[in-house]
Amino acid sequence: GGDLDADLRVRARERGVADRVGFPGVLAQDAVALCLAGADLAVMPSVRDDAGNVDGLPNTVMEALASGTALVATRVGGIPSVVEHERTGWLVAERDAAALEGAIDGLLARPDARAALGAAARADVLRRRTWASVAEAFEQVYDRAAGRAEGRHRTA
């Protein structure tokens, strides 16, 4: 779905890949995991728009990592903070179509590499990105901030 849906469908037909590219449109949340589980590869080519806006950390990146689906994404916003290049995903420069194409083609040709990326990504999510681990990290930040604030109040 979205503003580019029709254009992307035309491009897929023109390039002869329409039979191999899925356009599922807007999915219900519970359908996202099923869709990712059936995918060979997830691709998130985020870019900064002309005004400098960019998604901080797209949900689809986290969903792909959690699903264990190999991911190709761009180095923008918060994506590099959760995707470790060549370990939990493949990162390319934004707006570098040749690099994006090379990463996609390279991973599609190597099922073993896709499986390794997906497994490492899922393990990383389960180890460091669960609600409990994120809550613990927030608590540590709050504790440090409160300790510093208390220290300032004592010396003031």
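Procedures and definitions
- Residues numbered from 1 in each chain as written.
- Predicted model: local features only at pLDDT ≥ 70, side-chain atom pairs only at ≥ 80, totals over all residues.
- Heavy atoms only, no water.
- Helix = DSSP H or I, 4+ residues; strand = E, 2+ residues; numbered from the N terminus.
- Rg over C-alpha atoms; globule rule 2.2 N^0.38 Å.
- Buried < 20%, exposed > 50% of the residue type's maximum accessible area, 1.4 Å probe, protein only.
- Contact = heavy atoms within 4.5 Å.
- Areas by Shrake-Rupley, 256 points an atom, 1.4 Å probe, with all protein chains shown as cover.
- Lys, Arg positive; Asp, Glu negative; His and termini not counted.
- Salt bridge = Lys/Arg side-chain N within 4 Å of Asp/Glu carboxyl O.
- Axes fitted to C-alpha atoms, helices over the stretch in contact; angles between N-to-C directions.
- Parallel < 35°, antiparallel > 145°, perpendicular 65-115°, else oblique.
- Left-handed = near helix turned anticlockwise from the far one by under 90°.
- Nonpolar A, V, L, I, M, F, W, Y, C, P; charged D, E, K, R; others polar.
- Pairing = 2+ DSSP bridges.
- Right-handed = clockwise from strand over helix to strand, strands pointing away.

**Focus: the overall build of the protein**
So, step 1. The helix and strand tally for the protein stands at 7 helices and 3 strands.
So, step 2. Secondary structure elements in the protein, listed N-terminal to C-terminal, are α-α-β-α-β-α-β-α-α-α.
So, step 3. Compactness check: the protein gives a C-alpha radius of gyration of 19 Å against a globular reference of 15 Å for 156 residues, more than 25% above the reference.
So, step 4. For the protein, the proportion of its 156 residues judged to be buried stands at 25%.
So, step 5. Within the protein, contacts between residues separated by at least 24 positions form 53% of all contacts whose residues are at least 6 apart in sequence.
So, step 6. As displayed, the protein offers around 10,200 Å² of accessible surface, 55% of which is attributable to carbon and sulfur atoms.

**Here's the deal with the side chain of R114**
So, step 1. By secondary structure assignment, the location of R114 is in helix α6 (residues 111–128).
So, step 2. One buried charged side chain, R114, makes no salt bridge at all; its nearest oppositely charged neighbour is D40, positioned 4.1 Å away.
So, step 3. Apart from residues lying up to four places away in sequence, R114 is in contact with D40, A70, L107, L108 and A109.

**Focus: the environment of A137**
So, step 1. With respect to the helices and strands, A137 occurs in helix α7 (residues 131–155).
So, step 2. Exposure remark for A137: the relative accessible area of 37% places this residue in the partly exposed category.
So, step 3. The spatial distance from the C-alpha of A137 to the C-alpha of G38 is 33 Å, given a sequence separation of 99 residues.

**Some remarks on the packing of helix α2 (residues 29–37) against helix α3 (residues 59–67)**
So, step 1. For the pair α2 and α3, interaxial distance at closest approach is 9 Å and the crossing angle is 55°. In terms of orientation, α2 lies oblique with respect to α3. Considering the relative orientation of α2 and α3, their crossing is right-handed. Counted together, Q29, V32 and L36 of α2 and E63, A64 and S67 of α3 form the full contact between these two elements.
So, step 2. For the contact of α2 with α3, the per-class residue count stands at 3 nonpolar, 2 polar and 1 charged.

**Description of the sheet that holds strand β1 (residues 42–44)**
So, step 1. What the 3 strands build is an open sheet, ordered β1-β2-β3; its pairing is parallel. Two strands in the sheet have a free side with no partner beyond their single neighbour: β1 and β3 (90–92). This sheet shows a mean twist of 15° between the axes of neighbouring strands, independent of strand direction.
So, step 2. The strands that helix α5 (residues 97–108) touches are β1, β2 (71–74) and β3; relative to β3, the one it contacts most, it runs at about 160°.

**Describing the pattern of salt bridges**
So, step 1. Here the structure, examined in full by the defined rule, presents 8 salt bridges.
So, step 2. When the shortest N-O distance is used, the salt bridge between R9 and D5 registers 2.8 Å. Here R9 pairs with D5, and both are found in helix α1 (residues 5–14), just 4 residues apart, close to one helical turn.
So, step 3. D124 is the salt-bridge partner of R128, the closest N and O atoms lying 2.7 Å from each other. Residue R128 and its partner D124 are both found in helix α6; the two are separated by 4 residues, about one turn of the helix.

**With respect to the pairing of β2**
So, step 1. Here β2 shows two buried faces, one formed by L71 and A73 and the other by V72 and T74.
So, step 2. The pairing of β1 with β2 spans 3 bridges and is parallel. Bridge pairing in β2 links M44 to A73.
So, step 3. A crossover connection joins β1 to the parallel β2 through α3; in handedness this β-α-β unit is right-handed.
So, step 4. Note that β2 and β3 share 3 bridges and pair parallel. By the bridge assignment, A73 is partnered in β3 with L91.

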